[in-house]
Structures are given as structure tokens and as C-alpha cells.
Number of protein chains: 2
Amino acid sequence: MRRILALIALPLLTGAAPAQKPLTAAEVLAAAPAAAWQPIHPDDLLVMDFANGGRVVIQLAPSFAPVHVANIRALARSGWWKGSSVYRVQDNFVAQWGHDEKGPPLPSSVVKPPPAEYWRSTKGLAIRPLGSSDAYAPAVGYAGGWPIAYSPKQGWATLPHCYGYVGVARDLAPDTGTGEELYAIIGHAPRRLDRNLAVIGRVVEGIDRLSSLPRGPAPMGMYGDAARNVGIDRVRLASEIVQAERPSFQMLDTSSATFGQIMRLRTNQADDFYRTPPTGIDLCSAGVPVRKTPAA
Amino acid sequence: MRRILALIALPLLTGAAPAQKPLTAAEVLAAAPAAAWQPIHPDDLLVMDFANGGRVVIQLAPSFAPVHVANIRALARSGWWKGSSVYRVQDNFVAQWGHDEKGPPLPSSVVKPPPAEYWRSTKGLAIRPLGSSDAYAPAVGYAGGWPIAYSPKQGWATLPHCYGYVGVARDLAPDTGTGEELYAIIGHAPRRLDRNLAVIGRVVEGIDRLSSLPRGPAPMGMYGDAARNVGIDRVRLASEIVQAERPSFQMLDTSSATFGQIMRLRTNQADDFYRTPPTGIDLCSAGVPVRKTPAA
């Protein structure tokens, strides 16, 4: 019989109340009140359409990298990425795209170089701590719909380089990268990059269009041959797309009771599959639920 | 200009000795004495050949899951996987293979079910602690060429579910899985699985042959259509292959001075790329160097 590494969340049978199974994280999420879901603004959704018909949608994080995000919006609105491509796919690391060779002139509003928005102040952030240990930061948690690694003492907070998160490629420091070349993480979280590059958002649809691409044979996963590059037809903000065709997403409010309940259940995962339920969870495994906006 | 997210290890210039750049981890590895490299026994290498010409080589870990590994060797020697396939690829999780439907009878020596080799005693392990915090275990480090999560107090040690690590699929507990169906991690380390499944080794060649496969459209990444399955021609132990064609690998001795030096450099990564060098590293990012045996 085919074994399925069954990770369907089956509820735990407790001795105390055998007739009543506690809800699983998936069940809590499915039962979340509408108010626990926050709409994602269409100016915060970057829609990438590939020449092969694939689509990748990225949620931007203006509260963490405002100048980089403004640059990216300007590049999208000017159609700057038309005819660009994914030219680098390095296994267990990143897929990277932009104009492989010289691109068109940058829109005049693009700030070059932008400030090093590699972290921000914890001031103004309502942080929900995750409570797990982390190898890279004194503390980890959530704020405003995003996972953060932070230092309560030093007062910095940064978006982590988790799977599916998107950053701005750059050359050696002090360069910061304009935003014209972006990368998405397609492997184990390379958290060493935290606070060294600007993370500007996360893929909310179509990460497999990047993660399942052939790896590049040249150093650092470069395709090294323009014929192999994966063509990008256009990149737009969702707000530029007519309402009827516009992608629309919601994220779970990380300050909601529902989110807290889900994180407790994910941290102390217990169901019929687990013999030794884990009692912790790392920031990049925990995640923030995002979904397509349900039909009204 | 194309920005390259330059992660080439460039040495740090220190004020104290500006004329002498400290070695990078890559340079230390390249200069490692031959004695720091340990041969991997050909009975510990599982060689999977795909119908499409691809090859994946897995190093087995008999010191952690001896009965599972004995089962896997028996399955390989009997040619049991001939005509099997990769039938499940779930994004940011696993690629899984075996006989999608009913397979041939198991060799008589296969123990069914094997004991739950989900962890072992720390007794007899010479452990080199990594020294970083971990969300899932009280301590992490290395022993006998493998990364381990362990409890010095409770005396258990387990192979972690890192990228490229291979485990034995099973049904619900108390089932343990014979070894006929295996999975490799192709995303962020799902460490919640540690101590709940038998990790039997790691991919040392060809992980991209699994990680870049199309994701399955059915629940849990199942292809759900035998025509999509990725055929496996045969799976052999390296010891069954004639010497001239036999793949041969070495791993860096995790008790060597070279390994300690590399881990210190990787933990405190500092070069011209980093503005804020990290001061920790998580177990699954640290890794153990493995290479093809150099020509004599």
C-alpha cells in the first residue's frame, strides 16, 4: 500500500475528553470569522505574467521597505519589466529575474540608490511574539501581517528570508539595488541574508512557477544562455488591472485571536500522525495564512 | 548592470591586519588536508537512475536507522524499485517515490514493520555542538558526519529533516514504513517531522532532479495520474556497480579541525557583501561538506 506521509491534520484524542476532539489549525482557519481576514491593497500586489502563461503574484511590504516598494511600483507602472526574464535559478537558494543584459532607462521617479531598508524600527509595530528560539535574532514574531525577526533591546525588526519571500538583488555593499532585479527564495530559508538585503514582499500565488524551474548550470545558478531564460511578458500592479480580471487576496490579521490560536496549534502540533509532537516551530515554518478573496 | 546577489565568499578586511585577509570557509575547505575527508562506503550509497537519464545518489545513515537501512539495501539488491516512480512532488515540502500502486513482493529479509528508529541514544556519539539556538531541540551539532538535533539531558539524538534529507514514508502511527517508499525534502526544513519519521540519509548528488520536478496538482502534491509519474529505471547500491562506473564520495570529518574552522566561519559570516554579518547559523543551513572522490 502506498504510504502517504499523511500530514493531514488529524485531531488529537485526549484522555480527558475522549468524545470531543480539539480543533486542528486547519479547522480553526476554515472557521475564522470574516473580520479576521484583511484585504490586501491592489497597489500592494505585483502581478508577473510569464511568456509561458504562468503567473506569479507578490505581496509588497511598504511598511518595511517603502522606497524600494515605491521604486518597484514605478517600474511596474512604466512597463519596465516587459521582455525581462528569470535568468538565474540556484538550487536550494533563489530564482532571480530582471533584464539579463542592459534594460531600458529607469523611470525618473526611481530612487537610485535607495536607502538601505534592511530593517526598520520596532516603534509603531504591534508585535505578537512567536515564542520560539531562533538562530539569527533575539526574538521572532509577527507584526501587521508579516513575520519578523527583531531585537526588543536594540529596537530593530526585519522581514526574514523565508521560503517564497522576495528581495532586491544588489552588488557589494554599500550598493542597495534599485528593485529592478528581484529574487525569490526557493529553498531552505537563507536567514544569513536578513538585514543585509531589502526584503520587499512574498509570493502569494505561483511560487511553484519559480521553484520548479530548471536549475541554471553556470556558477550561482545562472542560465548563462539567453535562450534558456524564462521570459516575462509583463509585470503590473493589481491596481492597474481592470476589476473583473484583477487578482485579489486577503491575509489573516496577525493580531487576531484566530491567528494566535493557529500559531499555538502549529507550535504544539499534535494529531494521530505524530508520536512525538513538536513543541516549537521556527519562524519560516510558521507562516501567515493568505487566501484569494472569496466571492461575495 | 545585472546585480548578482553576490554570495561569493569574499574575505573580511580587518583593521588589525589590513594586509592579511582571513581565509573564507570556501578557502579553508579547498585547503583541507586529505585526512579530513572520509570515504563513504559503497554500501552506504543508494544510486537511483531515472528513465529520463537523471541520477540521484543518496548517502545512507546506518548508524541512525540500522533496520530501515538494512531494508533499503535488501530492496535495492533485489531490484525491487525497478519500474517504480516519483509520484508525489509537493511544493516547499517533499518529492516521494516508490511503487505508486501495488509493488512486487518484498524480499524475505525486509523487516515489516521495522522498529521506530526515529532517534537514537547519544551514547557512543562524539558530538561537536554547533552552538546555535534551535526551535525544535535543546541542542544541535554534528556526530559521525551527520547533523543532529539532540537532548544532552534526555540522551536522544535525531537526524533533522533538512533540505535534501531522505526519510521513510509511513501511514499513521504506530506504522513505521518499511523503506519501500521514500521522500526527500525539497523545501524549507519541516523540522516538525523530526523524531516522527525515520530519516535514513541525504542526497549527495542530483537533488535538483527532484526539486525541479513539476509539482503535483492533486492533494499533497500527488500527480494523481500515472502518466505524469517520473519513472525510475533502477535503484542500486554503489557496491553493486562495477568499480569503473561506481560513484564515489567523501564527507568532511565532522570531528576534524577543518570542519570546526568552517563552522566558525559560516556562523560568523563576514565578507564584503555583508553589512550586518550574522552571528549564528541554523542547523539546516550549516551543512556537512560532501564531494566526489578526487581522482588519485
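Quantities reported herein were computed from a predicted structural model and do not represent experimental measurements.

Okay, the interface of chain A and chain B next. Each side of the interface is counted separately: chain A has 69 residues, and chain B has 69 residues. Taking both partners together, chain A and chain B bury about 6,000 Å²; carbon and sulfur atoms supply 56% of that area. Across the contact surface, chain A and chain B share zero salt bridges. Counting the contacts that link chain A with chain B gives 21 residue pairs in polar contact (both at pLDDT 80 or more).

Tallying each qualifying case throughout the model produces eight aromatic pairs over all chains. Aromatic side chains A:Trp146 and A:Tyr165 sit 6.2 Å apart centroid to centroid with 75° between the ring planes, which places their arrangement in the edge-to-face category. Of this pair, A:Trp146 sits in strand β9 (residues 146-151) while A:Tyr165 sits in strand β11 (residues 165-168), placing them 19 residues apart in sequence. Residue A:Trp146 is classed as buried on the basis of its relative accessible area, which comes to 3%. With relative accessibility at 8%, the residue A:Tyr165 sits in the buried group. Judged by centre distance (6.1 Å) and plane angle (80°), the rings of B:Trp80 and B:Trp81 are edge-to-face. In terms of burial, B:Trp80 and B:Trp81 fall into one category: buried. A cation over a ring is seen here: B:Arg195 above B:Trp156, with NZ or CZ 3.6 Å from the ring centre. One residue, B:Arg202, lies across the ring of B:Trp146, its end atom 3.9 Å from the ring centre.

This structure, assessed with the given rule, holds 18 salt bridges over all chains. Its salt-bridge partner being B:Asp43, residue B:Arg77 comes within 3.4 Å of it at the nearest N-O pair. Taken together, the residues span a long stretch of sequence, with B:Arg77 in helix α2 (residues 66-77) and B:Asp43 in the loop between β1 (37-39) and β2 (45-50) at a distance of 34 residues. A salt bridge links B:Arg191 to B:Asp194; the nearest nitrogen and oxygen atoms lie 2.6 Å apart. Through salt bridges with shared partners, a single ionic network connects A:Asp49, A:Arg55, A:Arg234 and A:Arg236.

A few words on unusual backbone geometry. Here the bond from B:Lys112 into B:Pro113 is cis, since omega is -5°, no more than 30 degrees from zero. Secondary-structure assignment places B:Pro113 in the loop between β5 (94-98) and β6 (120-121). A cis geometry characterises the amide bond from B:Ala173 onward to B:Pro174, with omega recorded as 15°. Relative to the assigned elements, B:Pro174 resides in the loop between β11 (165-168) and β12 (182-185). Of note in this structure, A:Met220 is not a glycine but carries a positive phi near 60°. You can see A:Met220 is positioned in the loop between α3 (207-211) and β14 (230-237). Here the phi dihedral of B:Arg195 falls at roughly 70°; this positive angle occurs in a residue that is not glycine.

Conventions we followed
- Residues numbered from 1 in each chain as written.
- Chains lettered and ligands numbered in written order.
- Predicted model: local features only at pLDDT ≥ 70, side-chain atom pairs only at ≥ 80, totals over all residues.
- Heavy atoms only, no water.
- Contact = heavy atoms within 4.5 Å.
- Buried area = accessible area lost by both parts, 1.4 Å probe.
- Salt bridge = Lys/Arg side-chain N within 4 Å of Asp/Glu carboxyl O.
- Polar contact = N/O pair within 3.5 Å; in protein donor to acceptor, adjacent residues only side chain to side chain.
- Phe/Tyr/Trp six-rings, centres within 6.5 Å; stacked < 30°, edge-to-face > 60°.
- Helix = DSSP H or I, 4+ residues; strand = E, 2+ residues; numbered from the N terminus.
- Buried < 20%, exposed > 50% of the residue type's maximum accessible area, 1.4 Å probe, protein only.
- Lys NZ or Arg CZ within 6 Å of the ring centre and 35° of its normal.

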